[in-house]
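Understanding the architecture of this molecule
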Amino acid sequence: MASKVPNSLCSAPWSHFAIGAHSDGHIVTPCCRYNVSDTKYLKPKFLPSQQVTSRDGYFESIRQRMLRGEKMPECAKCWHQEKNGSYSMRHQMLKKMSLEDVAKIEQREHPFELRYIEIMFSNLCNLSCRMCDVTQTSKWANLYNKAFVPKGITDEYVMSDNFLDQFGKAHTQPIPFDWKMLEGIDLSNLHTVKILGGEPMMSPEHLEFLTKLMQMSNDPSKINLIYHTNGNKRPAPKVVEYWRQMKTIELVFSIDGYGPANEYQRIGSNWEGLVENIKWYASLGIDFEYRIHSVLSSLNIWQFDDLCDWAEKEFKTITKFPKDIPGVFYPEEKVITVDFVQRPPYLDLKIMPEILKTKCADSLSKSKHIQGETQQSILDYLQSDSYNKEYWNEFCIKMNAIDEHTKQNLFDVAPQLEGYMV
């Protein structure tokens, strides 16, 4: 009989792994949110077939810690969300493999059954979002070289040292995908794939992977695809052909504000083009599942209500959303899901001067769209830490430097910050 497992456990290390970009290549983690604390596992030499499925791999050490009931610090993001009453990735994983399933699989010789994979092919991207780093977008290298380097500004959060040459300039070539990461991995029974970026719709490896998946799958009609896309690029026609043969396609649009607010935080984004592309997806006749995911920072929190208003009035109409969706945090029931910028820390909401946090809280309390659990979660997050003068000074210096290069103006999208920049 299978032994009982702790309620604090996450099923990801038994059913799932994520392939993410790293400055030296690609790394493997239990999920895309897992914060690797042991730096020796940040080396891309560890392939999924070596460390995921066996009893002596890196994943086994994670599994044993979870089985002992440890709330691992590497999983802090989920624990923080759950503490605030939010729906976490751990909850999502347990819907795909339950605690009972884990207990049964744990009795096997090989304690792993691949059901779900997250894959980031490359950091190739068309945007240089202010809250991203160079492993998430190749465009950050150009931004770093033009906005920061001439002013002698460095930033360990967006640009690691091994991306820099001897003169302190960033390498601009995208990180190529290493197909060895999938060697020895059985994709035949895979039923859920989340594709991240970079921007997946412009990645050449995207189509190559889907072709491989369609060839290996025992039943493509059972495959669920999830995309996180900035919406400014369309996929190749062959990708759309594959989509029509699969079970569900979920499009999660990364949109951080309405109009100029989104274009400010996501440098290079075009609002009109984004809306046209959303309409194009809706015209394909595919029963997509749609969602917006917003990352809240000191830059866009002030205009978040405008985005929520647009989502309720326009996005749901464009995409013919299948049901009336209340403003709660649970992804299955919500048009917009939210997250908070924590890295780079100078964009983090909770480090703002206290007077700005008070203004932000007052604005949220008057919002017609940000209510209930969503509102409370943001308010709780605002107060989860105190003002950090060092980070705030860094925020001011770096936003000014980027604005000078991009010809943007922070006060156009966040006038509430005027008078508080040093």
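Just so it is clear, the structure is predicted and the values come from calculations on it, not from any experiment.

1. Here's the deal with the overall build of the protein
In terms of regular secondary structure, the protein is built from 16 helices and 10 strands. Taking 22 Å as the expected radius of gyration for a compact globule of 422 residues, we find that the protein reaches 21 Å, a close match to that expectation. C-alpha atoms of the protein, sized along the principal axes, occupy 65 × 50 × 45 Å. By sequence separation, contacts in the protein at least 24 residues apart represent 73% of the contacts at least 6 residues apart. Summed over its atoms, the accessible surface of the protein is roughly 18,400 Å², and 48% of this surface lies on carbon and sulfur atoms. When the 49 positive and 54 negative side-chain charges of the protein are each reduced to one mean point, those points stand 2 Å apart.

2. Let's talk about the sheet that holds strand β2 (residues 25-29)
The eight strands are arranged β2-β1-β3-β5-β6-β7-β9-β10 in an open sheet whose pairing can be described as mixed. Looking at strand neighbours, the two that pair on one side only are β2 and β10 (336-340), the edges of this open sheet. Averaged over all adjacent pairs, the angle separating strand axes in this sheet is 20 degrees, with direction ignored. Judged from the four bridges that link them, strand β1 (residues 16-22) and strand β3 (residues 116-120) form a sheet pairing that is parallel. Its bridge partner lying in β3, His-16 is registered against Tyr-116. Along the sheet, helix α5 (residues 89-96) contacts β1, β3 and β5 (192-196); its crossing angle with β3, the most-contacted strand, is approximately 135 degrees.

3. Here we look at the pattern of salt bridges
Tallied over the entire structure, the rule returns 24 salt bridges. A salt bridge links Lys-151 to Glu-404; the shortest N-O distance between them is 3.2 Å. Here Glu-404 lies in helix α15 (residues 389-406) and Lys-151 lies in the loop between α7 (139-148) and β5, a separation of 253 residues in the sequence. For Lys-151, a relative accessible area of 43% corresponds to the partly exposed category. Ionic pairing is found between Glu-312 and Lys-316, a salt bridge with its closest N-O pair at 3.4 Å. Taken as a pair, Glu-312 and Lys-316 lie in helix α12 (residues 304-318) at a separation of four residues, close to a single helical turn. Looking at Lys-316, the relative accessible area reads 12%, which means it is buried. Counted as one network, the salt bridges with shared partners bring together Arg-55, Glu-60, Arg-63 and Glu-106.

4. With respect to the packing of α7 against α15
Working note: a packed helix pair is described by the angle between its axes plus the distance between those axes. Look at α7 against α15: their axes get within 9 Å of each other, and the N-to-C directions meet at 100 degrees. The pairing of α7 with α15 is recorded here as roughly perpendicular in orientation. Residue-level contacts link Trp-140, Leu-143, Lys-146, Ala-147 and Phe-148 of α7 to Lys-398, Ala-401, Ile-402, His-405 and Thr-406 of α15.

5. Description of unusual backbone geometry
Following Gly-197, the chain continues to Gly-198 via a peptide bond in cis, the omega torsion being 15 degrees. Here the residue pair Arg-343 and Pro-344 is connected by a cis peptide bond, since its omega of 5 degrees sits within 30 degrees of zero. Residue placement: Pro-344 occurs in the loop between β10 and α13 (354-365). One non-glycine residue, Lys-407, lies in positive phi territory at about 65 degrees.

Thresholds, definitions, all that
Residues numbered from 1 in each chain as written. Predicted model: local features only at pLDDT ≥ 70, side-chain atom pairs only at ≥ 80, totals over all residues. Heavy atoms only, no water. Helix = DSSP H or I, 4+ residues; strand = E, 2+ residues; numbered from the N terminus. Rg over C-alpha atoms; globule rule 2.2 N^0.38 Å. Contact = heavy atoms within 4.5 Å. Areas by Shrake-Rupley, 256 points an atom, 1.4 Å probe, with all protein chains shown as cover. Lys, Arg positive; Asp, Glu negative; His and termini not counted. Charge placed at Lys NZ, Arg CZ, Asp CG, Glu CD. Pairing = 2+ DSSP bridges. Axes fitted to C-alpha atoms, helices over the stretch in contact; angles between N-to-C directions. Salt bridge = Lys/Arg side-chain N within 4 Å of Asp/Glu carboxyl O. Buried < 20%, exposed > 50% of the residue type's maximum accessible area, 1.4 Å probe, protein only. Parallel < 35°, antiparallel > 145°, perpendicular 65-115°, else oblique.

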